[in-house]
Amino acid sequence: MAKIIALTSYLPKELLTNDELELLFPAWKSEKIFAKTGIRTRHIANSSQGSEDLAFAASEKLFKENKNFNKNNIDSLIVLTQTPSQIIPSSACKIHAKLELKEDCSAFDINQGCAGYVYGLQVAQSMIHSKSAEYILLITSDVYSKIINRKEANLSTLFGDGATATLIGPEEKNISATSIGPFQFGTDGSKFEKLICTNNLSNLSENKYLYMDGPSILEFTLKKVPYAINKYLEKNSFSIDDFDYVIFHQANKFILEKLYKKIGLTDKGLIEMIDSGNTASSSIPLALEKLISRNNFKKSNILLVGFGSGLSWGITSIKI
């Protein structure tokens, strides 16, 4: 069975503040942006940084902070990204080389967005449970800033760039339970076009930007996510009282406050995007990292809920 051993993040140095956005969009006052989104600053990759560079930096930080762990023990590298620097090969192969991991190590990408971290945890947990891997490095990394039209206020105020690295390994030998899972997933593919970037292989000369139908995403979130959580709790004989914290994908403050209120989680739900923005698959692990770095943090049961592009969702629980 599997557990999270270590978690680190990397955010680019370049910042995009609400004051700068107000200069670009005079109708969007700085404090109005914060009140609606819960964001004051976003980290933006520079022109020479791709998602692989952010992923490498987050991973190097993990190895530096966990010097007793030998990176040659990593059996699999999983990279969650929707903004790779190239179509072929997978970003994982490129990152594998930069990290100088052993050859006897699988490396592959998962194209998943805001629910991606939950998907990645499920794949890692399954690989460890099946004994096809013992230690797994799970990376999330996206540079949405490179597919956003900077003349569009709705998206520019929300998204930031970032990466996280999670080391996942086996439980202690005398523990038969797992600290990750159970899982539940869902998809409403009929609405895939509500959050989309239509660059495609048939016309790579077109540089199309990210499109998001905000009202439809809000409707989807408030309808599907509470239902999915209740189904997850019922299926696994859980109560919401079994969890010390709940971490949703950090979409924006407006959506999260409505979700937490609707489900009755205002005292357990985290909103942690003030200095990073919506970072897609990195948003849950970024919030988790902030939680476990608190001085008063104690071992906890945490519910993780991802939702977004696809339109898809994923739920799991972790003990950390």
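Before reading on, note that the structure itself is shown above.
Conventions we followed
Residues numbered from 1 in each chain as written. Predicted model: local features only at pLDDT ≥ 70, side-chain atom pairs only at ≥ 80, totals over all residues. Heavy atoms only, no water. Helix = DSSP H or I, 4+ residues; strand = E, 2+ residues; numbered from the N terminus. Rg over C-alpha atoms; globule rule 2.2 N^0.38 Å. Buried < 20%, exposed > 50% of the residue type's maximum accessible area, 1.4 Å probe, protein only. Contact = heavy atoms within 4.5 Å. Areas by Shrake-Rupley, 256 points an atom, 1.4 Å probe, with all protein chains shown as cover. Lys, Arg positive; Asp, Glu negative; His and termini not counted. Charge placed at Lys NZ, Arg CZ, Asp CG, Glu CD. Pairing = 2+ DSSP bridges. Axes fitted to C-alpha atoms, helices over the stretch in contact; angles between N-to-C directions. Salt bridge = Lys/Arg side-chain N within 4 Å of Asp/Glu carboxyl O. Core = buried A, V, L, I, M, F, W, Y, C linked by side-chain atoms within 4.5 Å. Disulfide = S-S within 2.5 Å. Left-handed = near helix turned anticlockwise from the far one by under 90°. Nonpolar A, V, L, I, M, F, W, Y, C, P; charged D, E, K, R; others polar.

**As for the overall build of the chain**
And then number 1: Tallying secondary structure elements over the chain gives 9 helices and 13 strands in all.
And then number 2: On C-alpha atoms alone, the chain measures out to a radius of gyration of 19 Å, which is about the 20 Å that the 2.2 N^0.38 rule sets for 320 residues.
And then number 3: Taking the principal axes of its C-alpha atoms as reference, the chain extends roughly 60 × 45 × 40 Å.
And then number 4: Counting all 320 residues of the chain, 53% fall into the buried class.
And then number 5: Partitioning the intrachain contacts of the chain with sequence separation of at least 6 by distance along the chain shows that 75% fall at a separation of at least 24.
And then number 6: Total accessible area on the chain stands at roughly 14,700 Å², and carbon and sulfur atoms take up 51% of it.
And then number 7: Of the side-chain charges in the chain, 36 are positive and 34 negative, and the distance between the mean point of each set is 3 Å.

**What to know about the sheet that holds strand E7 (residues 162-170)**
And then number 1: Taken in spatial order, the 5 strands make up an open sheet running E1-E7-E6-E4-E5, and their pairing is mixed. Here the strands that pair on one side only, and so sit at the sheet edges, are strand E1 (2-10) and strand E5 (106-110). Each strand of the sheet is rotated relative to its neighbour by a mean of 15°, with strand direction disregarded.
And then number 2: In the packing of helix H3 (residues 51-65) onto the sheet, the strands contacted are E1, strand E6 (136-142) and E7, and the crossing angle to E1 comes to about 120°.

**Quick notes on the pattern of salt bridges**
And then number 1: Scanning the entire structure with this criterion turns up 12 salt bridges.
And then number 2: For lysine 102, the salt bridge goes to aspartate 75, with nearest N and O atoms at 3.0 Å. Taken as a pair, lysine 102 in the loop between helix H4 (91-99) and E5 and aspartate 75 in the loop between H3 and strand E4 (76-80) lie far apart in primary sequence, 27 residues in all.
And then number 3: Note that aspartate 188 is salt-bridged to lysine 191, the shortest N-O span being 3.0 Å.

**Quick word on the nonpolar core**
And then number 1: Grouped together as the largest cluster of nonpolar side chains are 35 residues, with contacts concentrated most on Leu210, Ile229, Phe248, Leu259, Leu303, Val305 and Phe307.
And then number 2: Among the secondary structure elements, those contributing two or more residues to this core are helix H7 (214-235), strand E11 (245-248), helix H8 (253-263), strand E12 (301-308) and strand E13 (312-319).
And then number 3: Of the residues forming this core, the biggest block, 8 residues, is contributed by H7.
And then number 4: For valine 305, the contacting residues outside a window of four places in its chain are Val225, Ile229, Ile247, Phe248, His249, Ile284, Gly314 and Ile315.

**What about the sheet that holds strand E8 (residues 180-187)?**
And then number 1: Read from one edge to the other, the open sheet built from 4 strands follows the order E8-E13-E12-E11, with strand pairing classed as mixed. Edge strands, defined here as strands with exactly one partner in the open sheet, are E8 and E11. For this sheet, the mean inter-axis angle between neighbouring strands, taken without regard to orientation, is 15°.
And then number 2: Pairing between E8 and E13: 6 bridges, direction antiparallel. Within E13, the residue paired with glutamine 184 across the bridge is isoleucine 315.
And then number 3: Each of E8, E11, E12 and E13 touches H7; the most contacted strand, E13, lies at about 40° to it.

**Brief notes about the state of the cysteines**
And then number 1: Within the structure shown, the criterion is met by 0 disulfides.
And then number 2: Cysteine 93 supplies the cysteine sulfur nearest to cysteine 105, a cysteine that is in no disulfide, at a spacing of 9.8 Å.

**Regarding the environment of methionine 127**
And then number 1: Turning to its location among the elements, methionine 127 is positioned in helix H5 (residues 116-129).
And then number 2: Given the relative accessible area of 14%, methionine 127 is considered buried.
And then number 3: Along the chain, methionine 127 and alanine 2 lie 125 residues apart, while their C-alpha atoms are 9.2 Å from each other.
And then number 4: Ignoring anything within four residues of it in the chain, the contact list for methionine 127 reads Ser76, Ile78, Ser106, Phe108, Ser132, Ala133 and Ile136.

**A few points about the packing of H7 against H8**
And then number 1: Here H7 crosses H8 at 35°, and the two axes come no closer than 10 Å. Relative to H8, H7 is oriented so that their crossing is right-handed. Mapping the contact onto sequence places Leu218, Thr221, Leu222, Val225, Pro226 and Ile229 in H7 and Phe254, Ile255, Lys258, Leu259, Lys262 and Ile263 in H8.
And then number 2: Taken together, the residues that form the contact of H7 with H8 break down as 9 nonpolar, 1 polar and 2 charged.

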